Amino acid sequence: MKNSIICIIILFIGAMEISAQPEGDHMDRKALRKEFYESLSESQKDDLENKKKLRKEQRKTMHASFTKEQLAIVDDEDLSRKGKRKALKLTLSEAQKEMRKNHKIRMKDERDKFKATLSEAQLEQYEQIRKGKRSKRKHKKRKD
């Protein structure tokens, strides 16, 4: 009885420790993003907004080209985001693959053009933000 109570307390404390960690990390990244955004000039902010619009337009265009089978995959709530992506990848037509490839190239060009306008300090912050996103993605991959 005594051992089971100790185990429960240890598990509870461990769960509290683990759940408290990501929130602090999230706030740090949020503050970093805010500081980075505030350091940008108006033209740099416009460039970021244009990249965001371009991404949304591409998503709409791709979604409009989906077949009924692909739309069913997108609407399937039983699949995770990763599962949907894998299932969709298998069903893409050559035109859709080409559209995706062209979009990837265009977004890389836009990203490089944006990075060229950044100062050293801004570039360092930008890389930290990007690195944080990659770390988060890797962590999610391990989790799945």
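In what follows, the structure referred to is the one given above.
The sections below set out a description of the structure shown in this document. Because the structure is a prediction, the values reported are computed rather than measured.

### Section: the nonpolar core
- Core analysis: the largest hydrophobic core is formed by 7 residues, namely Leu32, Phe36, Leu40, Phe114, Leu118, Tyr126 and Ile129.
- Put simply, the parts of the chain that give this core at least two residues each are helix 1 (2-39) and helix 6 (120-143).
- Residues in contact with Leu118, not counting those within four places in the same chain, are Phe36, Leu40, Gln44, Leu123 and Tyr126.

### A look at the packing of helix 2 (residues 42-64) against helix 5 (residues 94-116)
- It is at 11 Å that the axes of helix 2 and helix 5 come closest, and there the two elements cross at 175°. Taken together, the axes of helix 2 and helix 5 lie roughly antiparallel to each other. Contacts between helix 2 and helix 5 involve Gln44, Asp47, Leu48, Lys51, Leu54, Arg55, Gln58, Thr61 and Met62 on the former and, on the latter, Gln96, Met99, Arg100, His103, Arg106, Met107, Glu110, Arg111 and Phe114.

### Quick look at the packing of aromatic side chains
- For the coordinates displayed, the defined rule picks out 3 aromatic pairs.
- Seen from their ring centres, Phe36 and Phe114 are 6.5 Å apart, and the 85° between their planes marks the pair as edge-to-face. Of the two residues, Phe36 is situated in helix 1 and Phe114 in helix 5; the sequence distance between them amounts to 78 residues.
- What makes Phe36 buried here is its relative accessible area of 5%.
- With a relative accessible area of 1%, Phe114 lands in the buried category.
- Ring geometry for Phe36 and Tyr126: centres 5.8 Å apart, planes at 35°, overall tilted. Taken as a pair, Phe36 in helix 1 and Tyr126 in helix 6 lie far apart in primary sequence, 90 residues in all.
- The structure contains a cluster of three or more aromatic residues connected by ring pairs, namely Phe36, Phe114 and Tyr126.

About the cut-offs
Residues numbered from 1 in each chain as written. Predicted model: local features only at pLDDT ≥ 70, side-chain atom pairs only at ≥ 80, totals over all residues. Heavy atoms only, no water. Core = buried A, V, L, I, M, F, W, Y, C linked by side-chain atoms within 4.5 Å. Buried < 20%, exposed > 50% of the residue type's maximum accessible area, 1.4 Å probe, protein only. Helix = DSSP H or I, 4+ residues; strand = E, 2+ residues; numbered from the N terminus. Contact = heavy atoms within 4.5 Å. Axes fitted to C-alpha atoms, helices over the stretch in contact; angles between N-to-C directions. Parallel < 35°, antiparallel > 145°, perpendicular 65-115°, else oblique. Phe/Tyr/Trp six-rings, centres within 6.5 Å; stacked < 30°, edge-to-face > 60°.

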